[in-house]
Amino acid sequence: MRRARLAVFGLVLAPSLAPSLMPSWALAQAARAPTESVTVTGARDRQVLDKFVQSFAAPTHLIGKMARWEDGICPITVGLRPAAASFITQRVKGAAVQVGAPVNSKEGCEHNVAIIFTSAPQALLDNIRKKQPWFLGYADNSDQTKKLAAITRPIQAWYLTATKDLKGSIEIDSSKTVGLGLQIDVPCPAPAPSASMCTYFFPNAHAASVTGNHLGDGLRSIFHVVTIVVDPTKLVDYEIGSLADYIALLALTQLNSLDTCQQLPSIVNLLAENCATKSSALTENDFAYLRGLYKMSSNMNLGTQKNEISYQMEQALKGQ
């Protein structure tokens, strides 16, 4: 499989970049601030947790499973002053370590999470759509690609996912088949001689090693590249620590909805409209969900994956 390379400079990076969101003294305070932990008593029964997971979980298009990182994440933040950019990058790495997600700690690692601050986000996405549309994620046609490239939120993420089979072979999730397709040789139908073989060519098919088990077929969805675009002109009332936590969540999981007010405290509520309560940091519910995601059986079907995450959350929030 040819690996899609992430270029945050040149084609991807917009020419208009925003300055740092906070002065250095405020950044230092944010770096020292402890992670907020919010407890809601009497509200975290299994039914509530199942609803929380249901609203969070976003299956991939091709195999309908939840994606997560298998290669170590290597984030980069651009468009801010060095201190602020480093703070956000390190926060994403720190959150990954806390939830059991893999992190690539090698200096000079190939970046697979791009966090781009720009005051011209739509111009940036138009450029990506024209020159590197695969970074926007799965699309069947140009109309879907155009819709994917529309800026609708001050912080928005796009996910290039891949499917890994039982033997570890990886194929990027795309409507366009990579390679020559699939060729199958089978006995020819009558009245052809019984010993003769007929060749069938399927240009849009591909082969994958699976188990044949409906509960766990051996296929799993993985993140290949995540692109997160931030418009700081719309976030002047938010602290950089809160934004870093919000970005960390988007870097580690693809969410079903960012506009739903969660019944349980979540950093998602930070930018969701009309939420009665806002959380300014990743909450224990967010951490429990992410830990469940990175503990679940990645080759199982979607229903089983959701149940496993709910169970892991239940155990974690009970202190077990």
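To start, this report covers the structure provided alongside it. (Residues numbered from 1 in each chain as written. Predicted model: local features only at pLDDT ≥ 70, side-chain atom pairs only at ≥ 80, totals over all residues. Heavy atoms only, no water.)

### So, the overall build of the protein
Right, on to step 1. Helix and strand counts for the protein come out as eight helices and seven strands.
Right, on to step 2. Taken across its 320 residues, the protein has 48% of its residues classed as buried.
Right, on to step 3. Long-range pairs, those at least 24 residues apart, make up 73% of the contacts in the protein between residues at least 6 apart in sequence.
Right, on to step 4. If you sum the accessible surface of the protein, you get close to 15800 Å²; carbon and sulfur atoms cover 52% of it. (Helix = DSSP H or I, 4+ residues; strand = E, 2+ residues; numbered from the N terminus. Buried < 20%, exposed > 50% of the residue type's maximum accessible area, 1.4 Å probe, protein only. Contact = heavy atoms within 4.5 Å. Areas by Shrake-Rupley, 256 points an atom, 1.4 Å probe, with all protein chains shown as cover.)

### What about the sheet that holds strand β2 (residues 113–117)?
Right, on to step 1. Strand order in the open sheet made by the five strands is β1-β2-β7-β3-β4, with mixed pairing throughout. Two strands in the sheet have a free side with no partner beyond their single neighbour: β1 (75–78) and β4 (170–172). Along the sheet, successive strands turn relative to each other by an average axial angle of 20°, direction set aside.
Right, on to step 2. As paired elements, β2 and strand β7 (residues 220–230) share five bridges and run parallel to each other. Looking at the pairing, I116 lines up with V229 of β7.
Right, on to step 3. In the packing of helix α3 (residues 82–99) onto the sheet, contacts are made with β1 and β2, and the angle to β1 comes to roughly 155°.
Right, on to step 4. Its contacts with the sheet put helix α6 (residues 240–252) on β2, β3 (155–164) and β7, and the angle it makes with β7 is roughly 150°. (Pairing = 2+ DSSP bridges. Axes fitted to C-alpha atoms, helices over the stretch in contact; angles between N-to-C directions.)

Nothing here speaks to function; it is geometry throughout.
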